[in-house]
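Results of the structural survey
Here's the letter readout for the chains.
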There are 2 protein chains.
Amino acid sequence: MEYTKIRNMEEFASVSGLSRPTVSKYFHDPSSVRATTRARIEAALEEHDYRPNIFAMNQNRKLTKNVGILVPYLADPFFAEIARNIEQRCIDAGYSPTLYSSHGDPNLEREILENLRALKPAGALIAPLGRVSDNGAVASFCEDVPTVLFDSNLPDVGLAFIGSDNPQFSMLMVEYLSRTGEPPCFFEMKDPANPNANKRRQGYLDAMAQLGFEPTIVKVDGQGWSFEEIGRAGGIQTLEAGGFSTNTVLCSNDRLAIGLLTACYEKGLRVGRDADCELRVAGQDDHPFSRYTCPPLTTIAQDYDAMSRRAVKTLFDVVESGERSRPHETVLYEGRLIMRQSA
Amino acid sequence: MEYTKIRNMEEFASVSGLSRPTVSKYFHDPSSVRATTRARIEAALEEHDYRPNIFAMNQNRKLTKNVGILVPYLADPFFAEIARNIEQRCIDAGYSPTLYSSHGDPNLEREILENLRALKPAGALIAPLGRVSDNGAVASFCEDVPTVLFDSNLPDVGLAFIGSDNPQFSMLMVEYLSRTGEPPCFFEMKDPANPNANKRRQGYLDAMAQLGFEPTIVKVDGQGWSFEEIGRAGGIQTLEAGGFSTNTVLCSNDRLAIGLLTACYEKGLRVGRDADCELRVAGQDDHPFSRYTCPPLTTIAQDYDAMSRRAVKTLFDVVESGERSRPHETVLYEGRLIMRQSA
DNA sequence: AATAATTTTTTACGCGCGGAAAGTTTTGAG
DNA sequence: CTCAAAACTTTCCGCGCGTAAAAAATTATT
């Protein structure tokens, strides 16, 4: 195969019988050279498998092909899934995405943004931690780097925010639950880090008001990203303190619901919509595991395929058009009711 | 703050009243310059907040501070967790880790390794896909880049393999299960991609033989990384075909077990170790979600704290000592029995 | 205070590639 | 076959920094 080790583009150009600038053009855009030239380069590529030095490429280029992707917590399968989705779309668009996770830590989030700057990315797609984020740091980053926010919004920061219509989520579920049984009470964390939680609560309140029911909100203690544990501990506590005010509970998100299901199991409470069940539990997000809980969780699915597509498209539209400033855009996707056995 | 925008190290050196090589030395190792010099640089740093250009730094340096981390499937919380652990340790050691996921795809795995090469990493920590990996590609990568393998082994590839003593896992669980009830049958995928699955099966067979019981292996169809779904579908099928040969099932891993629990729920089979339960189900891995299944899953915990610590230490020992070749090392950690309600 | 040891400066080159300008060859339309 | 457009080659310079060698300056030692 490779008789001679190719050390740089100069050498590679010589073995392929071309000049370096032409080869350079090829790597920048294969369609920018004549078909016969392209064929010669690609033939040489098979023989010697050379790759341009990334660092040398990027240092002297105004805009790199780097893209930063930042999620608040990668150990959450929901974010792992959406990150994967976005990552793939970036690759398909010819960019080099790099994935980062804040691991729930605002300091780490700030540090990652700082390091990201050094990579001179063409753009970034970030889901901020939310309420605990260093808003100044995020906003400052967004001024220097074209950035699309997703999942969790910071008002007027970045090019755009792509997310879910959280109030609609709760409305949809409240409507379904109260149509098929008792109206739900709402189960959430006392101090949710994610701003979506507030919108979901408000959606619940609005829906209940609209349907003429009295809302009840159960707030449980807990901090951090161990939502399942918070839901379980809070569930136990609530059940021991006399239980919920109705036989139906709408959780702020699936992970809390998963914890609540565990609590119900521990307390011997049968969950589901069958006649012999004592409680209905619903979640929101369509977390990857929600289909495998016992009983499987009724929930609202986020359309993360559409969201990731839109987020990536918005970013690259701006990056590739070179626009300096465009009006901040907000796009919200509706959720879809996923009926399973838990409610 | 910054009256003058610093464009490069030359300018920064001049505003701090020093020469560029001295400043360069500082960024390479702050302790390599005199304390008074260090103070001047750091004072200037506060004023102008300059950062050396990463690409320029790396292009002309034999070894970068980059470290590649590759896991087979980041949407699996187990890998997300261990990746986070490893990532943090790399940062603490002063390196810049970059996280990648093969997403279960051997082609993507090969491509990532190729891209990783271009980053001239000082080292890499990778968990190969396993049986479906392009072994040649992985081995070739390991020859060029100091690499420690974890989770899933490829014989004699890389500097070392750090993993779990999988046969011991099964032995431990078989011993526990047969001591407290009927000996288990073994539930697994027909064609497991992960080589650990084979070791766990063998551990099961050995343990059963040692204890004088007749082993039974239930193999279920399914491919890919949707283990929960494979476990659920296989579970339904097995239960409809007459059920398991004993009232105790040891699953090859927690995710299969989670799916099996769902199948049992669908079939109305009560799982647990109480008198009124019809089946005991155990897993292996201590998956983050296993504590929240209904019933909570009895399983074997991998010591991923110890594994990640050892993997990172092994890598950096080699990288920093500059050793060319050292004997391949294999380190296996024992599992710990986590008793919950499912078995 | 003189000498040795350490640190810093000066100078210079190289890394691998981007990109511009001007000249040369190839291509394709008529 | 002619000629202009397109593609390619040649030649340069620059990016920001690493790094080496030698000279100069600073500190430490006796």
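This write-up is about the structure you can find in this document. Note that the structure is a prediction, hence the values are computed from the model and not measured.

1. A short note on the pattern of salt bridges
As enumerated under the stated definition, the model contains 48 salt bridges over all chains in all. Residues Arg-232 of chain A and Glu-266 of chain A are paired through a salt bridge, measuring 3.2 Å at the closest nitrogen-oxygen approach. With Arg-232 of chain A in helix H10 (residues 227–240) and Glu-266 of chain A in helix H11 (residues 254–266), this residue pair connects regions lying 34 residues apart in the sequence. Accessibility expressed as a relative area gives 34% for Glu-266 of chain A, which makes it partly exposed. A salt bridge links Glu-188 of chain B to Lys-219 of chain B; the shortest N-O distance between them is 2.7 Å. Of this pair, Glu-188 of chain B sits in strand S6 (residues 185–189) while Lys-219 of chain B sits in strand S7 (residues 217–220), and the two are 31 residues apart along the sequence.

2. What to know about the sheet that holds strand S6 (residues 185–189) of chain A
Residues and elements named next belong to chain A. Strand order in the open sheet made by the 4 strands is S7-S6-S8-S9, with parallel pairing throughout. Either end of the sheet is taken by a strand with one partner, and the two such strands are strand S7 (217–220) and strand S9 (280–282). For this sheet, the mean angle separating the axes of adjacent strands, direction not counted, is 25 degrees. Alignment of S6 against strand S8 (residues 248–251), held across 3 bridges, turns out to be parallel.

3. What about the pairing of strand S2 (residues 96–101) of chain B?
Residues and elements named next belong to chain B. With 5 of 6 residues buried, S2 is to be regarded as a mostly interior element. Where strand S1 (residues 66–71) and S2 come together, 6 bridges link them in parallel fashion. Of the residues in S2, the one forming a bridge with Asn-66 is Ser-96. This β-α-β element, S1 to helix H5 (residues 77–92) to S2, shows right-handed connectivity.

4. Side note on the relation of the copies chain B and chain A
Turning one copy of the chain about an axis and sliding it along that axis gives the other copy, so a rotation and a shift relate them. Between chain B and chain A, the superposition needs a rotation of 180 degrees and an axial shift of 0.2 Å, giving an RMSD of 0.5 Å. Each copy turns onto its partner about a two-fold axis. Every residue of chain B has its C-alpha some distance from the rotation axis, and the shortest such distance is that of Phe-55 of chain B, at 2.4 Å. Both copies present the same face, since 98% of the interface residues in chain B are matched by interface residues at the equivalent positions in chain A.

5. Some remarks on the sheet that holds S6 of chain B
Residue and element names in this part refer to chain B. If you walk across this open sheet you meet the 4 strands as S7-S6-S8-S9, and the pairing is parallel. Sheet topology places S7 and strand S9 (280–282) at the edges, where each strand pairs with a single neighbour. Each strand axis lies, on average, 25 degrees off the axis of its neighbour in the sheet, ignoring direction. Of the strands in this sheet, S6, S7 and strand S8 (248–251) are in contact with helix H9 (residues 195–211), which crosses S6 at around 165 degrees.

6. Comments concerning the protein's contact with DNA strand D
DNA strand D sits among 24 residues. The nearest are Thr-37 and Gln-59 of chain A together with Met-9, Ser-24 and Tyr-50 of chain B. Sugar and phosphate atoms form 67% of the subset of DNA strand D atoms that lie within 4 Å of the protein. Ser-19 of chain A is positioned with one of its side-chain polar atoms (N or O) 2.7 Å from a phosphate oxygen of DNA strand D. Note that a base oxygen of DNA strand D is positioned 2.9 Å from one of the side-chain N or O atoms of Arg-20 of chain B. Only helix H2 (20–28) of chain A together with helix H2 (20–28) and helix H4 (54–59) of chain B provide two or more residues apiece to the surface near DNA strand D. Across the surface near DNA strand D, the residue classes break down as 8 nonpolar, 11 polar and 5 charged.

7. Brief notes about the interface of chain B and chain A
Counting residues at the interface gives 45 residues for chain B and 44 residues for chain A. Taken together, the two surfaces of chain B and chain A that pack against each other cover about 4,200 Å², and 61% of this comes from carbon and sulfur. By the criterion of area lost to chain A, the three top residues of chain B are Phe-55, Tyr-292 and Cys-294 of chain B, representing 18% of everything that side buries. For the salt bridge of Arg-51 of chain A with Glu-114 of chain B, the shortest nitrogen-to-oxygen distance reads 3.7 Å. For the pair chain B and chain A, the number of links is 11 residue pairs in polar contact (both at pLDDT 80 or more). For the side of chain B that touches chain A, the secondary structure elements donating two or more residues are H4, H5, S2, helix H6 (106–118), helix H10 (227–240) and helix H11 (254–266) of chain B. Grouping the constituent residues of the side of chain B that touches chain A by class yields 21 nonpolar, 11 polar and 13 charged.

8. Topic: unusual backbone geometry
All names here are of chain A. Residue Pro-295 is reached from Cys-294 by a cis peptide bond, and omega for that bond is -5 degrees. Mapped onto the fold, Pro-295 is located in the loop between S9 and strand S10 (299–301). Backbone geometry at Asp-285 places phi at a positive 135 degrees, although glycine is not the residue there. Among the structural elements, Asp-285 can be located in the loop between S9 and S10. What makes Asp-285 buried here is its relative accessible area of 13%.

Calculation rules
- Residues numbered from 1 in each chain as written.
- Chains lettered and ligands numbered in written order.
- Predicted model: local features only at pLDDT ≥ 70, side-chain atom pairs only at ≥ 80, totals over all residues.
- Heavy atoms only, no water.
- Salt bridge = Lys/Arg side-chain N within 4 Å of Asp/Glu carboxyl O.
- Helix = DSSP H or I, 4+ residues; strand = E, 2+ residues; numbered from the N terminus.
- Buried < 20%, exposed > 50% of the residue type's maximum accessible area, 1.4 Å probe, protein only.
- Pairing = 2+ DSSP bridges.
- Axes fitted to C-alpha atoms, helices over the stretch in contact; angles between N-to-C directions.
- Right-handed = clockwise from strand over helix to strand, strands pointing away.
- Least-squares fit on C-alpha atoms with pLDDT ≥ 70 in both.
- Contact = heavy atoms within 4.5 Å.
- Near = heavy atom within 4 Å.
- Polar contact = N/O pair within 3.5 Å; in protein donor to acceptor, adjacent residues only side chain to side chain.
- Nonpolar A, V, L, I, M, F, W, Y, C, P; charged D, E, K, R; others polar.
- Buried area = accessible area lost by both parts, 1.4 Å probe.

In short, geometric facts, not functional conclusions.
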